[in-house]
Amino acid sequence: MKRKMDFNQEEDDFNRSLSTALNYIEKRNKEDHVVLVDGGEKLAEKVEPGYLVKLAEEIEKANDFVFHNACGKLKVIEEQMNFLKRQACKVLAETKINAKLHSLPCNFSKKTGQIYTVYEKPSGECYLSMLSPREWGANCPHNFIGSYKLNAGMSWNPVDEYSANGALQKWISPDESNAMMIE
C-alpha cells in the first residue's frame, strides 16, 4: 500500500511540476496566432486523414526545389569555371608566343610600337626583321612567317590575318597549340 501511495505521490508531483513549467512557457493570445503550449487546452488535436501525406508531399516538393536550385547555381559556376579555364589557356598560349618572339635573333634593338616580321631560313631557323615582305619585293630571301607589333607591355600582337591564324604554331608543341585555339 505504501508503494502505491508513493507512486500516486510521484505522479501528483510530476503533474504539478509540469503544470508549473507550462505556465512559464510563453503564451500569446489567439490574435497573435502563436500559442506554444497552453496547459488548459488539448496538446494534440485530431487531423484529417490525408494531412500527413500532403505534408510529406510538400516537404518533398520543397526538397526538389532546393536541389534543382542548387544544381542551377552549380551549373552557372561550372560555366564560369570553364570560361576562366579557356581564358587561362589563352593567356598561357599568348605568353608562350610572346616569349618565342622575344627569343628570336635580330640585329637591332626592338622598340615598342614598331612592327617586326618573322622569317624562316631554309635551315628552319627563324629570325626577326624590320623589313616586311612588301619591302623586300620579289627578292625576299626567306619564307614569311608573320608580322607582329611590339606593344608597350612587351607583348606582341599579330598585324595581319595570316599571323593571327597561328603561323607560329609549328614552334609550339601539339598540346600547347590546342590551348592557343581556344577562345
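The structure this text deals with has already been given above.
These notes cover the structure that comes with them. Only a predicted model underlies this, so the values are computations on that prediction, with no experimental measurement involved.

1. Quick look at the overall build of the protein
- Along its length, the protein carries 5 helices and 4 strands.
- Tracing the protein from N to C terminus, the helices and strands come up as α-α-β-β-α-β-β-α-α.
- Considering the protein as a whole, with its 183 residues, one finds that 19% of them fall into the buried category.
- Accessible surface, the protein as shown: approximately 14,300 Å² in total, 57% of it carbon and sulfur.

2. Some remarks on the nonpolar core
- Within the largest apolar cluster, 12 residues are counted, these being Ile97, Leu101, Leu104, Phe108, Tyr116, Val118, Cys126, Leu128, Ile145, Tyr148, Leu150 and Trp156.
- Broken down by secondary-structure element, the contributors of at least two residues to this core are helix H2 (51–103), strand S1 (115–120), strand S2 (126–129) and strand S3 (143–150).
- For this core, the element with the most residues is S3, which contributes 3 residues.

3. With respect to the pattern of salt bridges
- Taken as a whole and judged by the stated rule, the model has 2 salt bridges.
- Put simply, Glu78 and Lys75 hold a salt bridge, and the shortest N to O gap is 3.3 Å. Of this pair, Glu78 and Lys75 both sit in helix H2, 3 residues apart, which is roughly one turn of that helix.
- Looking at Glu78, the relative accessible area reads 39%, which means it is partly exposed.
- Across the pair Glu125 and Lys121 runs a salt bridge, and its minimum N-O distance is 3.8 Å.

4. Some points on the packing of aromatic side chains
- Under the definition given, this model contains 4 aromatic pairs.
- Seen in terms of ring centroids, Tyr116 and Trp156 are 5.9 Å apart; in terms of plane orientation they differ by 70 degrees. Their pairing is edge-to-face. In this pair, Tyr116 is assigned in strand S1 and Trp156 in strand S4 (residues 156–158), connecting sequence segments 40 residues apart.
- Owing to a relative accessible area of 6%, Trp156 belongs among the buried residues under this scheme.
- Judged by centre distance (6.3 Å) and plane angle (65 degrees), the rings of Tyr119 and Phe144 are edge-to-face. Of this pair, Tyr119 sits in strand S1 while Phe144 sits in strand S3, and the two are 25 residues apart along the sequence.

5. Section: the side chain of Asn98
- When you line up the elements, Asn98 lands in helix H2.
- If we skip the residues at most four places from it in the chain, Asn98 touches Ser155 and Trp156.

6. Some thoughts on the side chain of Thr117
- Its place among the elements puts Thr117 in strand S1.
- What makes Thr117 buried here is its relative accessible area of 1%.
- A polar contact of 3.3 Å, which involves the side chain of Thr117, links it to the side chain of Ser147.
- The contact partners of Thr117, leaving out residues within four places of it in the chain, are Tyr127, Leu128, Ser129, Leu131, Ser132, Pro133, Phe144, Gly146 and Ser147.

Definitions and cut-offs
- Residues numbered from 1 in each chain as written.
- Predicted model: local features only at pLDDT ≥ 70, side-chain atom pairs only at ≥ 80, totals over all residues.
- Heavy atoms only, no water.
- Helix = DSSP H or I, 4+ residues; strand = E, 2+ residues; numbered from the N terminus.
- Buried < 20%, exposed > 50% of the residue type's maximum accessible area, 1.4 Å probe, protein only.
- Areas by Shrake-Rupley, 256 points an atom, 1.4 Å probe, with all protein chains shown as cover.
- Core = buried A, V, L, I, M, F, W, Y, C linked by side-chain atoms within 4.5 Å.
- Salt bridge = Lys/Arg side-chain N within 4 Å of Asp/Glu carboxyl O.
- Phe/Tyr/Trp six-rings, centres within 6.5 Å; stacked < 30°, edge-to-face > 60°.
- Contact = heavy atoms within 4.5 Å.
- Polar contact = N/O pair within 3.5 Å; in protein donor to acceptor, adjacent residues only side chain to side chain.

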